[in-house]
Amino acid sequence: MTTLPMAVPAPGLPARVRIHEVGARDGLQNEKTTVPTDVKAEFVRRLADAGLTTIEATSFVHPKWVPQLADAEQLFPLVSDLDVALPVLVPNERGLDRALALGARGVAVFASATESFAKANLNRTVDEALAMFEPVVARARAEDVRVRGYLSMCFGDPWEGAVPVEQVVRVCRALLDMGCHELSLGDTIGVATPGHVRALLTALNEQGVPTDALGVHFHDTYGQALANTLAALQHGVTTVDASAGGLGGCPYAKSATGNLATEDLVWMLRGLGIDTGVDLGRLVATSEWMASHLGRPSPSRTVRALAASTQPHKEQ
Ligand code: HMG
Ligand code: MG
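Note that this is a predicted model, so its numbers are computed, not measured. (Residues numbered from 1 in each chain as written. Chains lettered and ligands numbered in written order. Predicted model: local features only at pLDDT ≥ 70, side-chain atom pairs only at ≥ 80, totals over all residues. Heavy atoms only, no water.)

## Section: the site of ligand 1
Link 1 in the chain: Near ligand 1, the surroundings consist of 27 residues, among which H62, N92, R124, S152 and T188 are the closest.
Link 2 in the chain: In this structure, R98 approaches ligand 1 through a side-chain N or O atom, which is 2.8 Å from a nitrogen atom.
Link 3 in the chain: Here a nitrogen atom of ligand 1 and a side-chain polar atom of N121 are 2.8 Å apart.
Link 4 in the chain: Elements that contribute at least two residues to the shell around ligand 1 include exactly α1 (23-27), α4 (93-101), α5 (115-122) and β6 (146-152). (Near = heavy atom within 4 Å. Polar contact = N/O pair within 3.5 Å; in protein donor to acceptor, adjacent residues only side chain to side chain. Helix = DSSP H or I, 4+ residues; strand = E, 2+ residues; numbered from the N terminus.)

## A short note on the coordination of the magnesium ion (ligand 2)
Link 1 in the chain: Bound to the magnesium ion (ligand 2) on the protein side are D26 (OD), H217 (NE2) and H219 (NE2), at distances that span 2.1 to 2.4 Å.
Link 2 in the chain: One chain supplies every donor for the magnesium ion (ligand 2), spaced along it as D-x190-H-x1-H. Residue D26 is located in helix α1, and its partner H217 is located in strand β10 (residues 214-218); the two are separated by 191 residues in the primary sequence. By the burial criterion, D26 is buried, and H217 matches it. (Donors = N, O, S within 2.8 Å, 3.2 Å for Na, K, Ca; no water. Buried < 20%, exposed > 50% of the residue type's maximum accessible area, 1.4 Å probe, protein only.)

## Some details on helix α11 (residues 280-294)
Link 1 in the chain: Between its first and last C-alpha, α11 extends 21 Å over 15 residues, near the 21 Å set by a 1.5 Å rise per residue.
Link 2 in the chain: For α11, the full list of buried residues reads L280, L283, V284, T286, S287, W289, M290, A291 and L294.
Link 3 in the chain: Residues of α11 that are buried make contact with α2 (37-49), α10 (262-271) and α12 (301-308).
Link 4 in the chain: With a side-chain oxygen positioned 3.0 Å from the backbone nitrogen of G281, the residue opening α11 is D279.
Link 5 in the chain: Downstream of α11 by a residue or two, G295 has a phi angle that is positive, lying close to 75°. (Expected span 1.5 Å × (residues − 1). Contact = heavy atoms within 4.5 Å.)

## Considering the sheet that holds strand β5 (residues 106-112)
Link 1 in the chain: Strand order in the open sheet made by the 9 strands is β2-β1-β11-β10-β9-β6-β5-β4-β3, with parallel pairing throughout. The open sheet is flanked by β2 (54-55) and β3 (58-59), the only strands paired with a single partner.
Link 2 in the chain: The sheet contacts of helix α7 (residues 165-177) involve β5, β6 and β9 (182-187), and relative to β6 the element is tilted by about 165°. (Pairing = 2+ DSSP bridges. Axes fitted to C-alpha atoms, helices over the stretch in contact; angles between N-to-C directions.)

## Let's talk about the pattern of salt bridges
Link 1 in the chain: Under the definition given, this model contains 18 salt bridges.
Link 2 in the chain: Two residues, D127 and R170, come together in a salt bridge whose shortest N-O distance is 3.1 Å. Of this pair, D127 sits in helix α6 (residues 126-142) while R170 is found in helix α7, placing the two residues 43 residues apart along the sequence.
Link 3 in the chain: Judged by relative accessible area, D127 falls into the partly exposed class, the value being 43%.
Link 4 in the chain: Taking the shortest distance from any N to any O, the salt bridge between E182 and R146 comes out at 4.0 Å. With E182 in strand β9 and R146 in strand β6, this residue pair connects regions lying 36 residues apart in the sequence.
Link 5 in the chain: The class of E182 is buried, set by a relative accessible area of 7%.
Link 6 in the chain: What emerges from the salt-bridge pattern is a single network uniting R18, R146, R148, E182 and D241. (Salt bridge = Lys/Arg side-chain N within 4 Å of Asp/Glu carboxyl O.)

Below is the structure:
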């Protein structure tokens, strides 16, 4: 039995959180070595078996831009029978065509709040990228495909420094207005702190963006991802992105390190009595298995603690 924290609910928090698992995409896109397709497929299957219900599977981007995910066509059919949501990243209509041809039912476009990252990641200005996404979102919606809109660099940018809240709000509004069902606020380089998270969420609400359309996507560069998540939960956010084992980063932002580890998130939520449907023991086993393929230990504190535990596992 897996060691689990004692559940002690705190006031003002949601009863349930939906974890949007990004390890197979955000995690593996950043690995130096390309993981074999069958290993990726087993990773996705194990994540589903651990109870995750939204698993971002891969990206239909230009294979030269992200060679680690160049096998999207081969991978997707190996997992598409799973009874979970398997959204995929598509930057443009070419990506959408590829995803729709394989029967994808959820896609994500990915915008930037800053010009520097829009250029580095998409070879476009912020507004050119939005123009590129418009037909993608319209066509996806016409096919009844769910569309997520990521927004990177919401809290800071490695080239431009601090990012004004109004700049973030403008792009969020544009993504929602073009028809995205939900947004994911990305702290791509992990510089956010809880007050900043609250301020951005409040500013978005003031501009008519409802909290239930928002998810949060924290990278853990400065160890703030869980604190930031708690701030978002206190604000009413119920969708949290996380990456099994803390895999991740972004190949086009060198200061982006691993995402919030799903295990660390599940540990905190479990301790707060918040339901996620995830079996922590199975998830840790999956991340240890993936770490053995990658040849290095998981940076997740929870994975390390549970893997190191030599005591018979018990619930406290
Ligand atoms: P570009 O070079 O400007 O491409 O790249 P283009 O539009 O000029 O097209 C050039 C050629 O690429 C054409 O072929 C296209 O057909 C082809 P040609 O006519 O010359 O033979 N092409 C494609 N081929 C396959 N699939 C496609 C595709 N699109 C064009 N989808 C482009 C523009 C957007 C394609 C490129 O910049 C790109 O693929 N970028 C992706 C970068 C990426 O995936 N970054 C990581 C994900 S974002 C992230 O991690 C952040 C996030 O986690 C949140 C956070 O943490 O902040 C989401
Ligand atoms: Mg990311």
